[in-house]
Amino acid sequence: MAVIEKWTGRHAHALREALRLTNESFAGRLGVAPRTITKWKERPEMVPSPYLQDALDSELAQAPVDVLTRFTANLGLPDQRIALDQASIGQLNAAVTDLARLLARIELGALQQPSAH
């Protein structure tokens, strides 16, 4: 996940766009006037107040993965997905295989039980 050390108007605008919210909707979520949101777009170097820094941190922390992906793309940041190593892939494959076997047993057991009619 992207971590913003100090939010600027550029970051806030990128988050609003990633959330696909209007200025009014985003302002409502943050508890500010829509004009504040407009100022961030007009003045990307502007640094919001400490209260708004915290509010923006909270919005980013609660954002789903698709929003985070759009946010990092809006800022031109590299995608920070976690790469799986071979050991992790092997463990995932083993878990999927075990799950498939278990489901097959459950299914077979259900087919073998006489129906209660």
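Residues numbered from 1 in each chain as written. Predicted model: local features only at pLDDT ≥ 70, side-chain atom pairs only at ≥ 80, totals over all residues. Heavy atoms only, no water.

J.: Could you give an account of the packing of aromatic side chains, with specific residues and numbers?
T.: Within the structure shown, the criterion is met by 1 aromatic pair. Taking the centre distance of 5.9 Å and the plane angle of 35° together, the rings of W7 and F71 count as tilted. With W7 in the segment before α1 (9-19) and F71 in helix α5 (residues 65-75), this pair connects stretches of sequence that are 64 residues apart. When sorted by exposure, W7 lands in the same class as F71, which is buried. (Phe/Tyr/Trp six-rings, centres within 6.5 Å; stacked < 30°, edge-to-face > 60°. Helix = DSSP H or I, 4+ residues; strand = E, 2+ residues; numbered from the N terminus. Buried < 20%, exposed > 50% of the residue type's maximum accessible area, 1.4 Å probe, protein only.)

J.: I'd like a rundown of the side chain of T72, residues and numbers included.
T.: Within the element layout of this structure, T72 appears in helix α5. A relative accessible area of 9% means that T72 is categorised as buried. Non-local contacts of T72, meaning those with residues more than four positions away in its chain, are made with A2 and L77. (Contact = heavy atoms within 4.5 Å.)

These results come straight from atomic positions and should not be treated as a statement about function.
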